[in-house]
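Observations on chain architecture
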Amino acid sequence: MKYLTIRARVTLWYTFFMAALAAVTMGVLIMFSENYFSSDQKADLIEAVQDAAEDLAEGESPEYFEDNVYLMWYDENQAFVEGAVPSGFSESTALSDTGIQTMTGNGQTFYVYDLQITTYNSGNFWIRGVVSGVESSSLHRFLIRTALILLPILVILSSVIGYLITKRAFAPVRKIQETAKQITESGALSMRIGLPDQKDEIAQLGNTIDLMLEKLEQSFEKEKQFTSDASHELRTPAAVILTESEYFLAHGETMEEARESMEVVNRQANKISSLINQLLFFSRADRGTLQLRPEPVDVGRLVKELADDFQIIASEKSIEVETVLQFDEPGTEEQGIYRVDRTLFTRAVQNILQNAVSYGKENGHIWIHGYLETEYFVIEIKDDGIGIEEEYLDKIWDRFYQVDSARNNTGSGSMGLGLSMVKWIMEQHDGYADVKSKPEKGTTFILHFSKNL
Ligand code: ADP
């Protein structure tokens, strides 16, 4: 059985059950018909014999044949006197008053009913009624013959129907199998099974696989894009280092020139190092090896420290950082201590602050506002810088996405990875990040961290 396909197995079982069902139905029908006819005939037999006895008692001459019943008379010595004897039945068969007897002779079945009668003038005698079972047994034989012809026809018919039904039912499975095979052979993840959107399990399985393929294709595309973007980002600083060092080796003479070249090389090497660190971060995050290490942190204090550190960087653009933090749970002694991964939390806030400085305007402002919501503690970082067009707001969270790389501060580390890092960190903290922005007016990033990590 295990060497057969599911389709063959289902067909076989189906045929087997249909044949068994037909056989049982016919068997029951045959038995029932036999019983029905014989009990009908037996009732006729008793009635005919009793009628004959009554006729006799009333002095009427009895019939020899009534309702398919042959009637015979025997004297008190059980010797045949007169009557109608059905062919194949011997009138000398011994009499018995034990009810209806079934006898066979000449390949026929007879029902025999004997009644002993005592009358005043004629003394003792017997009335025998015989009904030939020919009628019932011929019907019986007919039914058996029909069953024997019908049964194989039914078996063949049900196996053909079973085969056709399973063929139809298993067509989608075939389609799934063929698509999977083609994808394996060609590696084309863009292929889809394309089953109609129905409620049945196989169609749903096919559609789920299609969805999975969609996701796989997307993540493969992202992976390819990521590798290509990363190589692209690494190529520029590497090329600058090569050109600068080659130029110096060919033409550099003074210490002054050596210092200038080393500054360029150092800047570019920093950029490469920062990119490699960020790539490692994503590689670990994707592989699941970047484990969150939550610990109780006084987030108000930490954010204040980060804000103070950034005031120094922001001062280079004469940007003023204002901080309002309200992390105290009302009515409790709680001081806004929440479980976070200190390093990742710091990195998320720093990335947003760095952007607020990079894309903020000279003499501008940065407002940091911390407050509590029912489930989250929230950190809002608002700037009055260049802002982001509405159409780009969704994309800024993608890896390597930069609204306009030309407008970006191209200092070390600005490669479009910061916000996707923030997004990942927020998800790991059971929270989320929002952004609101108006071009030329400014941008607000809102970080929701779960209070119950
Ligand atoms: P980048 O390294 O380029 O800053 P990010 O992932 O941090 O990468 O940000 C993606 C893009 O979103 C940036 O290139 C920039 O165009 C835009 N962006 C991020 N923060 C701000 C902000 N505060 N104001 C204006 N634009 C921003």
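Everything below is about the structure printed above this text.
Please read all numbers here as calculations on a predicted model, not as lab measurements.

**A closer look at the environment of T109**
Tracing the backbone shows T109 in strand β5 (residues 108-119). Residues T109 and E63, spaced 46 residues apart in sequence, show a C-alpha to C-alpha distance of 23 Å.

**Focus: helix α6 (residues 342-358)**
Here α6 contains 17 residues, and its C-alpha end-to-end distance of 24 Å stays within 8% of the 24 Å for a straight helix at 1.5 Å per residue. In terms of burial, α6 is a largely internal element, 12 of the 17 residues being buried. For α6, the complete set of buried residues consists of L344, F345, T346, A348, V349, N351, I352, L353, N355, A356, V357 and S358. One side-chain oxygen of the residue at the start of α6 lies 3.1 Å from the amide nitrogen of T343, identifying that residue as D341.

**Some points on unusual backbone geometry**
The phi dihedral of F400 falls on the positive side, at around 70°, and the residue is not glycine. With respect to the element layout, F400 can be found in the loop between β11 (376-383) and α7 (418-428). The backbone of D430 sits at a positive phi, close to 55°, despite the residue not being glycine. Residue placement: D430 occurs in the loop between α7 and β12 (432-438).

**Observations concerning the site of the ligand**
Within the structure, the ligand sits among 20 residues, and N355, Y359, D383, Q402 and L419 are positioned closest to it. Within the side chain of N355, one N or O atom sits 2.9 Å away from an oxygen atom of the ligand. M415 places a polar main-chain atom, nitrogen or oxygen, 3.0 Å from an oxygen atom of the ligand. For the ligand, the accessible surface in isolation is 530 Å², of which the surrounding protein chains cover 98%. At the level of elements, α7 and β13 (442-450) are the ones that each hand at least two residues to the shell around the ligand. Each residue belonging to the shell around the ligand can be placed in one class, and the counts come to 9 nonpolar, 9 polar and 2 charged.

Quick notes on the rules
Residues numbered from 1 in each chain as written. Predicted model: local features only at pLDDT ≥ 70, side-chain atom pairs only at ≥ 80, totals over all residues. Heavy atoms only, no water. Helix = DSSP H or I, 4+ residues; strand = E, 2+ residues; numbered from the N terminus. Expected span 1.5 Å × (residues − 1). Buried < 20%, exposed > 50% of the residue type's maximum accessible area, 1.4 Å probe, protein only. Polar contact = N/O pair within 3.5 Å; in protein donor to acceptor, adjacent residues only side chain to side chain. Near = heavy atom within 4 Å. Areas by Shrake-Rupley, 256 points an atom, 1.4 Å probe, with all protein chains shown as cover. Nonpolar A, V, L, I, M, F, W, Y, C, P; charged D, E, K, R; others polar.

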